[in-house]
Amino acid sequence: MMLEVGIKGRQEMVVTEELTAGHIGSGTVRVLATPMMVSLMERTSRLSVKPFLEEGQETVGTRVNVSHVAATPVGMKVWCESTLTEVDRRRLVFGVRVFDECGLVGEGEHERFIIDEKKFREKADAKAASKNL
């Protein structure tokens with residue numbers, strides 16, 4: 001594994017009705033919902049390090065500490081820029097910032113852990129089986 005501080009990521013999307021606070025129920029207005037902004041931050045961070053992981057590994061989000069500082073209306077492009085700022089064995093910390101065509105939308109820190117996909121899935125399946133799900 002060659003994960004090093006400084007790995008950068010960038011993902012973008014256009015705000016659609018399905019991504020609004022009014023649509024997902026986190027609010028009533030037709031602007032990018034905070035949970036959807038966080039999802040973009042997580043996806044950007046995950047995809048930035050994916051090429052550096054070993055076969056069978058993935059990352060899962062474990063902590064998000066962000067501010068949503070500006071509204072982005074339907075139809076506007078938003079993008080996230082992530083930077084890997086800390087590597088502590090399996091724990092990865094990212095600085096994340098989201099922008100729209102008018103400026104900063106949100107920023108903060110996101111933590112992910114490297115997992116073995118097979119073991120993780122088996123554990124989740126065992127949990128579901130214990131509750132007859």
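Peer 1: Any chance you could explain the nonpolar core here in plain terms?
Peer 2: Across soluble globular proteins, nonpolar side chains have a tendency to be buried as a group. In terms of nonpolar packing, the biggest core is built from 20 residues, with L3, L32, V49, V78, L84, L92 and V98 touching the most fellow members. For this core, the secondary structure elements donating two or more residues are α2 (34–49), β3 (77–88), β4 (91–100) and β5 (103–116). For L84, the contacting residues outside a window of four places in its chain are L3, E4, V5, G6, I7, V49, L92, V93 and F94.

Peer 1: Is there a simple way to explain the pattern of salt bridges in this structure?
Peer 2: Pairing of side chains with opposite charge becomes possible as their charged atoms draw close. Throughout the structure, instances matching the rule amount to 14 salt bridges. We note a salt bridge from E12 to R10, for which the minimum N-O separation is 2.8 Å. Note that E111 is salt-bridged to R63, the shortest N-O span being 3.8 Å. Of this pair, E111 sits in strand β5 while R63 sits in strand β2 (residues 57–68), and the two are 48 residues apart along the sequence. The exposure class of E111 is buried, given its relative accessible area of 10%. Here the salt bridges share partners, and the residues they tie into one network are R63, E86, D88, R89, R91, E109 and E111.

Peer 1: Quick question: what am I supposed to make of the sheet that holds β2 here?
Peer 2: In sheet architecture, strand pairing relies on hydrogen bonds along the backbone and comes in two forms, parallel and antiparallel. If you trace the five strands from one edge of the open sheet to the other, you get β1-β3-β4-β5-β2, paired in antiparallel fashion. Unpaired on one side and paired on the other, β1 (8–14) and β2 mark the two borders of the sheet. Strand-to-strand, the axes of this sheet are offset by a mean angle of 25°, without reference to chain direction. Judged from the 11 bridges that link them, β2 and β5 form a sheet pairing that is antiparallel. Of the residues in β5, the one forming a bridge with E58 is I115. Packing of helix α3 (residues 117–130) onto the sheet brings it into contact with β2 and β5, and relative to β5 it is tilted by some 90°.

Conventions we followed
- Residues numbered from 1 in each chain as written.
- Predicted model: local features only at pLDDT ≥ 70, side-chain atom pairs only at ≥ 80, totals over all residues.
- Heavy atoms only, no water.
- Core = buried A, V, L, I, M, F, W, Y, C linked by side-chain atoms within 4.5 Å.
- Buried < 20%, exposed > 50% of the residue type's maximum accessible area, 1.4 Å probe, protein only.
- Helix = DSSP H or I, 4+ residues; strand = E, 2+ residues; numbered from the N terminus.
- Contact = heavy atoms within 4.5 Å.
- Salt bridge = Lys/Arg side-chain N within 4 Å of Asp/Glu carboxyl O.
- Pairing = 2+ DSSP bridges.
- Axes fitted to C-alpha atoms, helices over the stretch in contact; angles between N-to-C directions.

Structural measurements only, silent on function.
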